[in-house]
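Single-letter residue listing:
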Amino acid sequence: MIPQRTDTWYVSYGLIAANVAVFIVGVAMGDSLGGGGDGNGLVYRAATLGGNIEYLDEWWRVFTGGFLHHGMFHLAVNMFSLYILGLALEQSLAKIPFMALYLSSLVSGSFGALIETPNSLVAGASGAIFGLMGALVALYLSQGVGLFQTPIGPILAVNLVISFTVQSVSLGGHVGGLIGGFLVGAAAAQAIRQQRYTTAIPVAAAVVVAGVSFVGALWAAGRSTVVLIVG
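The rules behind the values
- Residues numbered from 1 in each chain as written.
- Predicted model: local features only at pLDDT ≥ 70, side-chain atom pairs only at ≥ 80, totals over all residues.
- Heavy atoms only, no water.
- Helix = DSSP H or I, 4+ residues; strand = E, 2+ residues; numbered from the N terminus.
- Expected span 1.5 Å × (residues − 1).
- Buried < 20%, exposed > 50% of the residue type's maximum accessible area, 1.4 Å probe, protein only.
- Arc of directions from axis to C-beta.
- Contact = heavy atoms within 4.5 Å.
- Patch = residues over 30% accessible without salt bridge, like charges linked within 9 Å, V, L, I, M, F, W, Y side chains within 5 Å.
- Areas by Shrake-Rupley, 256 points an atom, 1.4 Å probe, with all protein chains shown as cover.
- Salt bridge = Lys/Arg side-chain N within 4 Å of Asp/Glu carboxyl O.
- Polar contact = N/O pair within 3.5 Å; in protein donor to acceptor, adjacent residues only side chain to side chain.
- Core = buried A, V, L, I, M, F, W, Y, C linked by side-chain atoms within 4.5 Å.
- Axes fitted to C-alpha atoms, helices over the stretch in contact; angles between N-to-C directions.
- Parallel < 35°, antiparallel > 145°, perpendicular 65-115°, else oblique.
- Left-handed = near helix turned anticlockwise from the far one by under 90°.
- Nonpolar A, V, L, I, M, F, W, Y, C, P; charged D, E, K, R; others polar.

1. Here we look at helix α8 (residues 152-165)
Consideration 1: Spanning 14 residues, α8 covers 20 Å between terminal C-alpha atoms, matching the ideal 20 Å at 1.5 Å per step.
Consideration 2: Here α8 has its buried residues at Ile152, Gly153, Leu156 and Ser163. What you see down the axis of α8 is that its buried residues fit within an arc of 95°, all on one side. Residues of α8 that are exposed and point more than 90 degrees away from the buried face comprise Val161 and Thr165.
Consideration 3: At its buried positions, α8 is contacted by α5 (72-93), α7 (126-142) and α9 (171-194).

2. Considering a nonpolar patch on the surface
Consideration 1: Taken together, the side chains of Tyr55, Leu56, Val227 and Ile229 present a nonpolar region at the surface, about 390 Å² in accessible area.
Consideration 2: With respect to the element layout, Ile229 can be found in the segment after α10 (200-221).
Consideration 3: Using a relative accessible area of 66% as the deciding quantity, one classes Ile229 as exposed.

3. Overview of the side chain of Ser163
Consideration 1: In this fold, Ser163 is placed in helix α8.
Consideration 2: Reaching out from Ser163, the side chain makes a polar contact with the side chain of His174 at a distance of 2.6 Å.
Consideration 3: When near neighbours in sequence (up to four residues on either side) are disregarded, Ser163 contacts Phe130, Val169, Leu171 and His174.

4. Here we look at unusual backbone geometry
Consideration 1: Positive phi values are uncommon outside glycine, yet Gln195 reaches one of about 55°.
Consideration 2: Inspection of the secondary structure assignment puts Gln195 in the loop between α9 and α10.
Consideration 3: Looking at Gln195, the relative accessible area reads 70%, which means it is exposed.
Consideration 4: Its identity is not glycine, yet Tyr197 carries a phi of approximately 50°, on the positive side.
Consideration 5: Inspection of the secondary structure assignment puts Tyr197 in the loop between α9 and α10.
Consideration 6: The exposure class of Tyr197 is exposed, given its relative accessible area of 52%.

5. Points about the nonpolar core
Consideration 1: Among the nonpolar cores identified, the biggest contains 34 residues, and Leu82, Leu85, Leu89, Leu101, Tyr102, Leu132 and Ile152 are the most heavily contacted of them.
Consideration 2: At the level of secondary structure, the elements contributing two or more residues to this core comprise α1 (10-29), α5, α6 (95-116), α7, α8, α9 and α10.
Consideration 3: What Leu85 contacts, discounting residues up to four positions off in sequence, is Ile129, Leu132, Met133, Leu136 and Ile152.
Consideration 4: One finds Ile53, Val107, Leu114 and Ala217 within the second-largest nonpolar core, a separate group that totals seven residues.

6. As for the packing of α9 against α10
Consideration 1: Put simply, α9 and α10 touch, their axes get as near as 8 Å, and they point 160° apart. Considering the angle they form, α9 stands roughly antiparallel to α10. Relative to α10, the crossing made by α9 is right-handed. Here Gly180, Leu183, Val184, Ala187, Ala188 and Ala191 of α9 lie close against α10, whose contacting residues are Ile201, Pro202, Ala205, Ala206 and Val209.
Consideration 2: Here the contact of α9 with α10 is built from residues that sort into ten nonpolar, one polar and no charged.

7. Things to note about the side chain of Ser12
Consideration 1: You can see Ser12 is positioned in helix α1.
Consideration 2: If sequence neighbours within four positions are ignored, Ser12 has contacts with Gly86, Leu87, Glu90 and Phe98.

Spatial relationships are all this shows, so hold off on functional conclusions.
This is the structure in structure tokens:
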């Protein structure tokens, strides 16, 4: 599953660089290397929070929360996962469908997080990363490959156990991303099987998933009773 390193997979490297750059900016603004931070930090200003989306019209938090992290360890774990899964999927799907998959999974992860915990400040790329796992599951199943014949089965199982048992983890974000990624991956698998519209079909599916998830996220945000006022 771990592909050989190559400098041609620009989207995966670009996403990793973007997450790291945002983290550095956040630390400069007051976010902590160990997680947390003060009210001027980027996590407080841009992580996903239902009340701010609903009452302050900060709809962009649905997107920006997926590029923020609660500390260096959180960032490192997610970026390592993105490196492994991203290079494999970018090779299989090509750059544009892979980018569409990642971003739509990020939005569906935010939707799931807002359903489960609309009053929590949620940050992290794990929703999008679970989407990548979901897409790999769809691709393997379409080829008749058993999940536990590949590394993705045990990896997904362990991550789901962690999601259901560790209180600080966003279960909704992980499950939402997983579902969104699986749907896009299933569309991509169908296009690959038919060898037709292998870019257009997964991109169209990603647009639909992202659009439905964004509308759903706005609805879910309306259930929040917490608003964070940032000075």
